[in-house]
Amino acid sequence: MRLSRSFIPTLRETPAEAQIASHRLMLRAGLIRQTASGIYAWLPAGLRVLRRISQIVREEQDAIGAQEVLMPTLQPAELWKRSGRYDAYGPEMLRITDRHDRDLLYGPTNEEMITDLFAGGVKSYRELPQVLYHIQWKFRDEVRPRFGVMRGREFLMKDAYSFDIDTQSAIASYRRMMLSYLRAFQRIGVKAIPMRADTGPIGGDLSHEFIILAPTGESSVFYDGRFEQQDWRAEAVELADPESLQRFFMRMTSLYAATEDKHDEAAWHDVEPALRREGRGIEVGHIFYFGTKYTQSMGVAVSGPDGAMVHPEMGSYGIGISRLAGAIIEASHDEAGIIWPMPVAPFRAGILNLKPGDAACDSVADALYEAAPDDMLLDDRADRAGVKFADADLIGHPVQLVVGPRGAASGTIEVKWRASGERTEMPLDAAVALIASLR
Ligand code: P5A
C-alpha cells in the first residue's frame, strides 16, 4: 500500500478520551475510530490486523477438525426463551423489535442458536463429535464500555461449540480446543496463560480463561515460569486419542499451574519457588464445558448406541478477536508506538522514502515495494523525514527500510528492527531477500 493514497489517518496528539496505551495507540496509528460509545469502525490498517488474527485462529480451529459456519448477528427471542436465558441475561442484551412486532436480539453469544441448528441436522450418536465455530460480531450492552476495543459493546469473537455423546468424549473435545488455543496464541506471538476460571452466565463446571501477560492487565496471575518457553506447536498430541489428550492436559495444568489467587491454590505451592512468576494480564479467551445444560433445556437429543435418546454434552469456546488486537498492543509497545509481532502486523515492513521525487530514492523505494506490495506500506508522502520516522514507529512495522538520498545513490538501504532498535545497512538485493524472508 502507498501511504500517499491510503486512509491511515495518524494523529500527533494523544486523544483525551483514551485511558490506556493500546486505546491511545490504536487511535493515533489510524487503526480504529469510535462511532458510538463502545462501537468502533476498523480502518484499513486495523482491519488488516483483525484479519491476520482471525486467519491464524481459523487455521488452528480447522486443524482440530472444527468446521466454520457463519451465524447471523440477529437472533429470534424465542430461542432464548426456550433455554431460559432471555430473562436471565438482563440489560446487557440488546433487544430489538421488528416491523411485525417480533422480538429479536443482537446476539451476545450463540449457544442457543447453534444448539437449534445442531438439532436440525444431527440425529444419531454416529455423527458425533461435531465442533462448529464462527467468527462474528457480538453485542453486549456493557454498563461501562472502556479501554477502546478491549471492553467494547460491539466486538468480534471467535466462538466454537462442541457436541459429544458422553462426558469422556466431551472432555476430550475441551482438551483439543485448549491445545488449539495454545497453538494459536503462540503463532500470534503472545504469551497466553490458561487459568482455571468461574463460568458465570455461560454455566457449567469446568472452565479456563486465557490471559495475555501485560503489566496493565485487569487480572493478576500467578504462574510457572516454564510456561513462557513452552512450544505448543511442537507438542506431540494424538488428537483422536483421549489418553494422549489427557497426558497433555495433566502435564499442562499440573506442571504449569496458573492461578488468580495464590493463597488458595495448592498447585501454586507445588511450583518450585525459583520458577514462580507473578504478573498481570488481560483475558483474551474463555472456554467452558457445561454438559447437557442447553441440550436438556432446549429438548435436543440424538439416538444413542442402545437406541435410547441422549442429550449431547456441550462445551463453548471463545476468543475475543477484536480485544486481542488491543491486548497485543498492551503487551507490546513503547513510548514511540506499537511494536507488532510479525504474524499479525498490518504491514510486515514500512518503506520510508525520505525524498520522493529524487530519481535514485524513487527507484530504490519502488524496487523494494514491488518485492511484496501487499505486505509493505510505502511512505511516499511529501512530508519531512521526521514525520515519516515518527509514523513508522507509531504504526509499528516490525521492520523499517529507510531510503535516503545518500544511500540510494550507492544503492544502500538502512534497515531498522522496531523491537530491538537495531540498525544495519545493506545493498538493495539483500534488502529484497530480507523482505522475502519476513514471516
Ligand atoms: C464462549 C464462546 C462466551 O461468550 N460463549 C461462546 C462463551 N464467553 S465469554 O467469556 O463471555 O466471551 C469470550 C471472549 O470474548 C471477549 N469479550 C469481549 N471483547 C471485547 N469487548 C467485550 N465487551 C467482550 N466481552 C467478551 C473476551 O476475550 C472473552 O474471553
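The notes below deal with the structure included here. (Residues numbered from 1 in each chain as written. Predicted model: local features only at pLDDT ≥ 70, side-chain atom pairs only at ≥ 80, totals over all residues. Heavy atoms only, no water.)

1. Notes on the sheet that holds strand S23 (residues 423-427)
Thought 1: Spatially, 5 strands are ordered S20-S19-S21-S22-S23 in an open sheet, and the strand pairing comes out mixed. Both outer strands of the open sheet, strand S20 (376-379) and S23, are each paired with one neighbouring strand and no more. Neighbour-to-neighbour, the strand axes of the sheet open up by a mean angle of 25°, direction not taken into account.
Thought 2: Two strands pair when backbone bridges link them, and strand S19 (residues 349-353) and strand S21 (residues 399-403) are joined in this way by 5 bridges, in the parallel orientation. The residue of S21 that forms the bridge with Leu352 is Val402.
Thought 3: Along the sheet, helix H11 (residues 359-371) contacts S19, S20, S21 and strand S22 (412-417); its crossing angle with S19, the most-contacted strand, is approximately 170°. (Pairing = 2+ DSSP bridges. Helix = DSSP H or I, 4+ residues; strand = E, 2+ residues; numbered from the N terminus. Axes fitted to C-alpha atoms, helices over the stretch in contact; angles between N-to-C directions. Contact = heavy atoms within 4.5 Å.)

2. Some points on the environment of Asp166
Thought 1: Turning to its location among the elements, Asp166 is positioned in the loop between strand S8 (154-164) and helix H6 (167-188).
Thought 2: Measuring from C-alpha to C-alpha, the distance between Asp166 and Pro312 comes to 6.9 Å, with 146 residues separating the pair along the chain.
Thought 3: In terms of polar contacts, Asp166 uses its side chain to reach the backbone amide nitrogen of Ser169, at 2.9 Å. (Polar contact = N/O pair within 3.5 Å; in protein donor to acceptor, adjacent residues only side chain to side chain.)

3. Section: the pairing of strand S2 (residues 39-42)
Thought 1: Where strand S1 (residues 32-36) lies against S2, 4 bridges are found, and the strand directions are antiparallel. Bridge pairing in S2 links Ala36 to Ile39.
Thought 2: In sequence, S1 turns back onto S2 through a hairpin of 2 residues, with Gly38 there showing a positive phi of about 70°.

4. Description of the pairing of strand S9 (residues 192-196)
Thought 1: Counting buried positions over the 5 residues of S9 gives 4, a clear majority of the element.
Thought 2: Two elements, S9 and strand S10 (residues 206-213), share 5 bridges in a ladder whose sense is antiparallel. Pairing of Pro194 across the sheet is with Phe210, part of S10. (Buried < 20%, exposed > 50% of the residue type's maximum accessible area, 1.4 Å probe, protein only.)

5. Brief notes about the site of the ligand
Thought 1: Among the 23 residues in the neighbourhood of the ligand, the closest are listed as Thr109, Glu111, Arg140, Gly152 and Glu283.
Thought 2: Here a nitrogen atom of the ligand sits 2.9 Å away from a polar atom, N or O, in the side chain of Glu142.
Thought 3: Between an oxygen atom of the ligand and a side-chain N or O atom of Glu283, the distance comes to 2.5 Å.
Thought 4: Breaking the shell around the ligand down by element, the ones donating at least two residues are S8, strand S13 (276-291) and strand S16 (313-320).
Thought 5: The element contributing the most residues to the shell around the ligand is S13, with 5 residues.
Thought 6: Of the residues assigned to the shell around the ligand, the class counts are 9 nonpolar, 7 polar and 7 charged. (Near = heavy atom within 4 Å. Nonpolar A, V, L, I, M, F, W, Y, C, P; charged D, E, K, R; others polar.)

6. Observations concerning unusual backbone geometry
Thought 1: Between Leu128 and the following residue, Pro129, the backbone shows a cis peptide bond with an omega angle of -5°.
Thought 2: When you line up the elements, Pro129 lands in the loop between helix H5 (111-121) and strand S7 (130-139).
Thought 3: With phi around 65°, Asp101 is a residue other than glycine that occupies positive phi space.

7. What about the pattern of salt bridges?
Thought 1: Under the defined criterion, the tally for this structure stands at 26 salt bridges.
Thought 2: Between Arg2 and Asp366 there is a salt bridge whose closest N-O contact spans 3.7 Å. Residue Arg2 is found in the segment before helix H1 (21-28), and its partner Asp366 is found in helix H11; the two are separated by 364 residues along the sequence.
Thought 3: Assessed through its relative accessible area of 31%, Asp366 is described here as partly exposed.
Thought 4: Linked by salt bridges that have partners in common, Arg12, Asp379, Arg381, Asp383 and Asp391 make up one network. (Salt bridge = Lys/Arg side-chain N within 4 Å of Asp/Glu carboxyl O.)

8. Details of the side chain of His134
Thought 1: Residue position: His134 is located in strand S7.
Thought 2: At 3.1 Å, the side chain of His134 and the backbone nitrogen of Met71 are in polar contact.
Thought 3: Beyond its immediate stretch of four places on either side in the chain, His134 contacts Val69, Leu70, Met71, Asn110, Met157, Lys158 and Asp159.

9. With respect to the packing of aromatic side chains
Thought 1: Applying the stated criterion across every chain, the model contains 11 aromatic pairs.
Thought 2: Seen in terms of ring centroids, Tyr174 and Tyr317 are 6.2 Å apart; in terms of plane orientation they differ by 55°. Their pairing is tilted. Taken as a pair, Tyr174 in helix H6 and Tyr317 in strand S16 lie far apart in primary sequence, 143 residues in all. When sorted by exposure, Tyr174 lands in the same class as Tyr317, which is buried.
Thought 3: Where Phe185 meets Phe210, the ring centres are 5.8 Å apart and the plane angle is 40°; that geometry is what we call tilted. Here Phe185, found in helix H6, pairs with Phe210, found in strand S10; they are 25 residues apart in sequence, far enough to count as distant.
Thought 4: Of the residues examined, Phe185 reaches a relative accessible area of 1% and is grouped as buried.
Thought 5: Members of the aromatic cluster, joined through ring pairs, are Tyr181, Phe185 and Phe210. (Phe/Tyr/Trp six-rings, centres within 6.5 Å; stacked < 30°, edge-to-face > 60°.)

10. Let's talk about the nonpolar core
One broad trend across soluble globular proteins is that nonpolar side chains are buried collectively.
Thought 1: Grouped together as the largest cluster of nonpolar side chains are 79 residues, with contacts concentrated most on Leu31, Ile53, Phe185, Ile188, Phe248, Leu324 and Trp340.
Thought 2: In terms of residues, this core owes the most to one element, H6, which gives 11 residues.
Thought 3: Discounting chain neighbours no more than four positions away, the residues touching Trp340 are Leu31, Val49, Ala325, Ile328, Ile329, Ala345, Pro346, Ile395, Gly396 and Pro398.
Thought 4: Within the second largest apolar cluster, 24 residues are counted, among which are Ala77, Tyr89, Phe118 and Met314. (Core = buried A, V, L, I, M, F, W, Y, C linked by side-chain atoms within 4.5 Å.)

11. Focus on the sheet that holds strand S4 (residues 74-76)
Thought 1: Spatial ordering of the open sheet is given by S4-S6-S5, a layout of 3 strands whose pairing is antiparallel. Of all the strands in the sheet, the pair left with one neighbour each is S4 and strand S5 (94-97). Strand-to-strand twist across the sheet, computed as the mean angle between neighbouring axes with direction ignored, equals 35°.
Thought 2: Relative to strand S6 (residues 103-106), S5 runs antiparallel, the two sharing 4 bridges. Note that in S6 the partner of Ile96 across the bridge is Leu104.

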